[in-house]
Amino acid sequence: MEHNVTVSHTPFTATVLGLPRVGPRRELKRATESYWAGRIDAEQLHAVARELRRAQLSELRSAGLDSVPVGTFSYYDQMLDTAVLLGALPARVASIADPLDRYFAAARGTDTIEPLEMTKWFDTNYHYLVPEIDSGTTFSLNPEQLLAQLAEAREVGVAARPVVIGPITFLKLAKSAGERTLDRLPELVRLYRELLVQLAAAGAEWVQIDEPVLVTDLTEDEIALVRLTYTELAAVEQRPAILVATYFGRPGAALPALAETGIDGVALDFVSGTTVPEVSVLRDKLLVAGVIDGRNVWRTDLDRALETLRDLAGSTGAVAVSTSCSLLHVPYGLAAETGLDEGLRSWLSFGAEKVTEVRTLATGLHQGADAIEDQLVATRAALAARRADPRLHDPAVRARLAALGPDATRRAPAEQRRELQSERLRLPALPTTTIGSYPQTSAIRLARAALRKGEIDQAEYQRRMRAEIADVVALQEKLGLDVLVHGEPERNDMVQYFAEQLDGFAATENGWVQSYGTRCVRPPILYGDVARRDPMTVDWITYAQSLTDKPVKGMLTGPVTILAWSFVRDDQPLADSARQVALAIRDETVDLEAAGIRIVQVDEPALRETLPLRAADQPAYLEWSVGAFRLATAGVADSTQIHTHLCYSEFGEVIDAIAGLDADVTSIEAARSRMEIVEDLRSAGFDLGVGPGVYDIHSPRVPSVEEITASLRTALKVIPAERLWVNPDCGLKTRGPAEVELALRNMVAAAQAVR
Ligand code: GLN
Ligand code: ZN
């Protein structure tokens, strides 16, 4: 039967674009992992999820949002959910009958099934699963989950706005063997049209269609597809009002294209650069103005946001207040934090606080500033206190940075350094090494937990970590590796470890943010000028060096990665923060050198991932990020060898920047496209040391001697022997000790064979 629903397109005034889902205490993570381990059943898992959603919805209702996103909940990832919605799971999981297990199989794989690939969600630290589309993919609409969540939300009594990822973003982010994924757009548009009808029938007044891909560089043809797609969706007769959401940047040419269509509203990110004049094209559409930063943790300057909102109201029709993007990227709320000092705390705004800010600004916009006078006064006081706080300006650090000349980022020519270093290090051809971490054993985790709970003291902890280091050094000696590491047992996380020891960073207790699936991280908050009080790694590294005559590498995290995995200050350019962190790392390299360490590795796995989304913004980023790395590493003597390590990405786009780092040796993830990266480096004129990973540490499989030998031989076709290093892809901390020993033994044997 045809439902005859009259949809009223009343604009709303206050919303957020999406919600976190792991639970304020990571309840969903725990329940999901229990389900995987067979400790609870699907019904129990669903019950936990339902309870979390209910609690969240009623909170948003009491907070006074008059439109609430529904369907941004996920058991693993929203792109995977969209693949399910569109019937686009890969054929290899089809044999799994249970839908939940099929879903998790696509996400994580099984003994026999490869999972979907995972990659970074735009320039955030969230990872999504990459849908696979091939000629065998037959799309079909499966809206049951979304409809169930909609019904659930309506029961709670919120004005529910279903959210789906749009067809253009879905296809652009999907991968396919040959065909252009966008060729499948007409099929998807048919399904989205059907979805709109069903959502309207279920009582949805508005639907939000997320198209973040519109903030990346699109071709004219692609912009034309945007226009066509949304013209067709808007032409559906019985449908909810359509809000197209863009975020993480400015939509540029996609905005006038959207404006020409019959959609009813557009959400824009005013935190990352969209400007007021751009919106005049929207005329009578609802503008959902993302004036509150959805991905950083700072308290919003309400006066400024209100001014922006008023300007917007003057140049377009109805304006609603919103966050710039989903709250997925910030912690749930400040209520869970007890350890932050009152000053810092009053400068911050996590998820719950942002919802309140949205409500406040909507009131201010529609009823006048007088109606929010108290909040304006309180915010002004907090922001003034923040600006005046001495921790924001460390004159000593600023003076040192100002005094640095161009020499501070320059070392002698690579050729000259190579000679000095080879004389000092006397390494064999094709030296073998590892990336830094060794398996994090249960003894290590127990020691860390015991220290946290106060069951052991610092001295006992130190003793246990030293025992781990001694084991790792002995293992490497036994295996015959050439350049040793201490194994990083003392580091829970390669960024947090340094942030905890640097002035200017604060840690949270419960500030968890989903990284992927059930994995959550607690990014440190960079709020002030960065200074290093004391050496951070020297004791551990020199202890390891005292146990062996072979060189032990000092292990540091680079400035770009430290910032990429933290919440950063919004009151100065990132480039300035990077120089401050770089200076601290530089001091550490110099101290390591003075303590007799001959090789220092500065990891920059995040170098590629923070590359700006638009090509026009990339050169400036690469300039400062490479500059920061060089500042961090150019303080040592030419005879000290600097290594760096890069991973998690396709590096083709930043190949020149890798050369610009001027590290004596670069180890690089190369598992998937082993020789491509080597070839790319060669054609970019890269003439420094390079260690393309010959052991894929993301898999428990032990590579054979023959396999590694073959990889080395291929590498030797483009890299001369005196510049080739032999190492795994990445750190070994997630692997088991037994497989690591076997794999490294094979790696050393292969190097010897090729020598
Ligand atoms: N040195 C780090 C390790 O080995 C590097 C980790 C990384 O690349 N993410 O664990
Ligand atoms: Zn790595």
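How each quantity is defined
- Residues numbered from 1 in each chain as written.
- Chains lettered and ligands numbered in written order.
- Predicted model: local features only at pLDDT ≥ 70, side-chain atom pairs only at ≥ 80, totals over all residues.
- Heavy atoms only, no water.
- Salt bridge = Lys/Arg side-chain N within 4 Å of Asp/Glu carboxyl O.
- Helix = DSSP H or I, 4+ residues; strand = E, 2+ residues; numbered from the N terminus.
- Buried < 20%, exposed > 50% of the residue type's maximum accessible area, 1.4 Å probe, protein only.
- Pairing = 2+ DSSP bridges.
- Right-handed = clockwise from strand over helix to strand, strands pointing away.
- Phe/Tyr/Trp six-rings, centres within 6.5 Å; stacked < 30°, edge-to-face > 60°.
- Contact = heavy atoms within 4.5 Å.

Visitor: Before we move on, could you go through the pattern of salt bridges and cite the residues and values that matter?
Guide: Counting across every chain of the model gives 43 salt bridges. Here arginine 239 ties to aspartate 264 by a salt bridge, and the two come within 2.8 Å at their closest N and O atoms. Of this pair, arginine 239 sits in the loop between α8 (220-234) and β6 (241-245) while aspartate 264 sits in the loop between α9 (254-259) and β7 (265-269), placing them 25 residues apart in sequence. Within the structure, one salt-bridge network assembled from shared partners comprises Arg386, Arg398, Asp529, Arg569, Asp570 and Asp571.

Visitor: Report on the pairing of strand β16 (residues 641-646), specifying residues and quantitative values.
Guide: The buried fraction of β16 is high, at 6 of 6 residues. Covered by surrounding structure in β16 are Gln641, His643 and His645 together with Ile642, Thr644 and Leu646, the residues of both alternating faces. Pairing of strand β15 (residues 599-603) with β16, which is carried by 5 bridges, proceeds in the parallel orientation. From the neighbouring strand, valine 602 faces β16, where its bridge partner is threonine 644. A crossover connection joins β15 to the parallel β16 through helix α22 (residues 618-633); in handedness this β-α-β unit is right-handed.

Visitor: I'd love a proper account of the packing of aromatic side chains, names of residues and values included.
Guide: The tally for this structure, following the rule as stated, stands at 13 aromatic pairs. Between tryptophan 36 and phenylalanine 104 the ring centres are 5.4 Å apart and the planes differ by 90°, which places this aromatic pair in the edge-to-face class. Taken as a pair, tryptophan 36 in helix α1 (residues 27-36) and phenylalanine 104 in helix α4 (residues 99-108) lie far apart in primary sequence, 68 residues in all. With a centroid separation of 5.5 Å and an interplanar angle of 70°, the aromatic rings of tyrosine 103 and phenylalanine 104 are classed as edge-to-face. The exposure classification of tyrosine 103 matches that of phenylalanine 104, with both residues buried.

Visitor: Outline the environment of arginine 380, supporting the account with residue identities and numerical values.
Guide: Mapping arginine 380 onto the fold places it in helix α13 (residues 373-388). For arginine 380, a relative accessible area of 38% puts it in the partly exposed group. Sequence separation between arginine 380 and aspartate 301 is 79 residues, and the spatial gap between their C-alpha atoms is 7.6 Å. Ignoring anything within four residues of it in the chain, the contact list for arginine 380 reads Asp303 and Glu373.

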